[in-house]
Number of protein chains: 2
Amino acid sequence: MNVLCERILKDGKVYPGHILKVDGFLNHQIDVELLENIADLTYEYFKSEGITKVLTIEASGIAIATVVSQRFGVPLLFAKKSKTKNIAGDVYKTSVQSYTHDTVYDVIVSKEYISSDDRILIVDDFLAMGNALMGLIDLTEQAGATVGGICIAIEKGFQEGGRKIRAAGYNLYSLAVIDEMTDDGKITFR
Amino acid sequence: MNVLCERILKDGKVYPGHILKVDGFLNHQIDVELLENIADLTYEYFKSEGITKVLTIEASGIAIATVVSQRFGVPLLFAKKSKTKNIAGDVYKTSVQSYTHDTVYDVIVSKEYISSDDRILIVDDFLAMGNALMGLIDLTEQAGATVGGICIAIEKGFQEGGRKIRAAGYNLYSLAVIDEMTDDGKITFR
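As a starting point, this report considers the structure included with it.

### Some remarks on the sheet that holds strand 10 (residues 172-181) of chain A
Here comes step 1: Overall, mixed pairing links the 7 strands, which are arranged 11(A)-10(A)-9(A)-8(A)-4(A)-5(A)-3(B) in an open sheet. Among the strands making up the open sheet, the edge pair consists of strand 11 (187-189) of chain A together with strand 3 (29-30) of chain B.
Here comes step 2: For strand 8 (residues 119-127) of chain A and strand 9 (residues 146-156) of chain A, the ladder comprises 8 bridges, and the chain directions are parallel. Looking across to strand 9 of chain A, one finds that A:Leu121 is bridged to A:Gly149.

Have a look at this one:
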């Protein structure tokens, strides 16, 4: 059992409806030392993949992706959730269905920062239905870049995202795969 | 002239209407090594302030704040822009006027993660009118915590935020203060 699984058991909180709160160390308050441990494990797993850039999506994936980028020594690119006046023209765009907020939103990256020479490591904090991840894969492939790997902190193994992504042939590494969460708070890892 | 000012001159792009694009290294694609240099300068400036926690606001401040937290060896807390179902009850809340998007939004932090014992270092990427920063100061002071310092990557010195924050007595450290940007792209630092 790695440091993230141990921390989830220690400080994670399970609420009815398969909601796992990791607000104390992963996606509101953040334990940056834990992120460094996550980045080390991620580097060990993907170090031979020739990664040239890390791609994530705002907002809660940015902290993990920052430390992973640092570990790989490559730039970080984060996809933005809507078009602001601070991003001009030429962007790749995709649509993502949000499970948490029950809406659809557009996600963009500037064409300038991703090219067919890139081998992209996609990083995010959570994987459930896989919609955000499919969006990031779509953006990568629109650019003609290669998905060198996908790293997720916490995968909800009882939802279909992980199965779908693996079936499509992507190299998906989830540090903590939760196979079961009961309403009384018991967590079972794969 | 520090590394951030040098980088702005090299890779920043000025557009009419006092818009500075630093998308290539600071807030879309991110040069994590540059962030480490920013974190080192920030640590030098605030190392005697007894900082216990770094506070920022999603989304584009998170990457800088992550590396600053790492440098100080303290947790990072990022204020969230709206209440999602993944954050329960007890939060401090404030309202922020967005200059970029011309809207008002609520910003929250969980009461659980900020207390009167904390000395908070507030970190953000940009300071213009100071609205987001005033929101973060308000959240800190609602919790009875102390603002130990404020670190900004780029301050638009020709807008009123910095003057207002300094006049209120806060210890504000901006790595790059831009006093003038002309429509033909010339940047003058303070």
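There's more to say after this.
### Quick look at the relation of the copies chain B and chain A
Here comes step 1: Mapping chain B onto chain A calls for a rotation angle of 180° and an axial translation of 0.0 Å; the resulting RMSD is 0.0 Å. In the structure described here, the two chain copies are related by an operation that fits a two-fold rotation axis. Across chain B, the smallest distance between a C-alpha and the rotation axis is recorded for B:Ala59, namely 2.5 Å.
Here comes step 2: Most of the interface of chain B is mirrored in chain A, where 100% of its interface residues again form contacts.

### Overview of the interface of chain B and chain A
Here comes step 1: Facing 40 residues of chain B, the contacting portion of chain A comprises 41 residues.
Here comes step 2: Interface area for chain B against chain A, summed over the two sides, is near 3,500 Å², with a carbon-plus-sulfur share of 57%.
Here comes step 3: Between B:Lys13 and A:Glu112 there is a salt bridge whose closest N-O contact spans 3.0 Å.
Here comes step 4: Linking chain B to chain A there are 17 residue pairs in polar contact (both at pLDDT 80 or more).
Here comes step 5: Within the residue set of the side of chain B that touches chain A, elements represented by two or more residues are strand 2 (19-21), strand 3, helix 2 (32-46), helix 3 (62-72), strand 5 (76-79) and strand 7 (103-110) of chain B.
Here comes step 6: The residue makeup of the side of chain B that touches chain A, split by class, is 18 nonpolar, 13 polar and 9 charged.

### A few points about the nonpolar core
Side chains of a nonpolar character, in soluble globular proteins, are inclined to be buried together.
Here comes step 1: Among the nonpolar cores identified, the biggest contains 80 residues, and A:Leu4, B:Leu4 and B:Ile154 are the most heavily contacted of them.
Here comes step 2: Once residues lying within four places of it in the same chain are set aside, the contact partners of A:Leu4 are A:Phe25, A:Leu34, A:Ile38, A:Ala153, A:Ile154, A:Leu175 and A:Ala176.
Here comes step 3: Counting residues in each nonpolar core, the second largest holds 26 residues, with B:Tyr92, B:Ala132, B:Ile152 and B:Ile165 among its members.

So, how was this worked out
Per-chain numbering applies: the sequence of each chain, read as written, is numbered from 1 onward. In the order they appear in the text, chains get letters beginning with A and ligands get numbers beginning with 1. In keeping with the predicted nature of the model, local features appear solely for residues at pLDDT of at least 70, side-chain atom pairs appear and are counted solely at 80 or more, and the whole-chain, interface and lining totals rest on all residues. Remark: hydrogens and water are excluded; side-chain values derive from all non-hydrogen atoms of the structure. Paired strands are those between which DSSP finds at least two bridges. Helix and strand assignments follow DSSP, with helices taken as H or I runs no shorter than four residues and strands as E runs no shorter than two, numbered in order from the N terminus. Here the copies were fitted onto each other by least squares, based on C-alpha atoms from residues at pLDDT of at least 70 in both. The contact rule is simple, with two residues in contact once any of their heavy atoms fall within 4.5 Å. Defined here as a combined quantity, buried area equals the accessible surface (1.4 Å probe) lost by two parts on assembly, summed across both. The rule for a salt bridge is simple: a side-chain nitrogen of Lys or Arg has to be within 4 Å of a carboxyl oxygen of Asp or Glu. Polar contacts here mean pairs of N or O atoms no more than 3.5 Å apart (in protein, one a potential hydrogen donor and the other a potential acceptor; neighbouring residues in sequence count only if both atoms are side-chain atoms). Basically, the charged four are Asp, Glu, Lys and Arg, the nonpolar ten are Ala, Val, Leu, Ile, Met, Phe, Trp, Tyr, Cys and Pro, and anything else, Gly included, counts as polar. Put simply, buried Ala, Val, Leu, Ile, Met, Phe, Trp, Tyr and Cys residues joined by side-chain atoms within 4.5 Å make one nonpolar core. When accessible area is computed with a 1.4 Å probe and restricted to protein chains, residues below 20% of their type maximum are described as buried, those above 50% as exposed, and intermediate ones as partly exposed.

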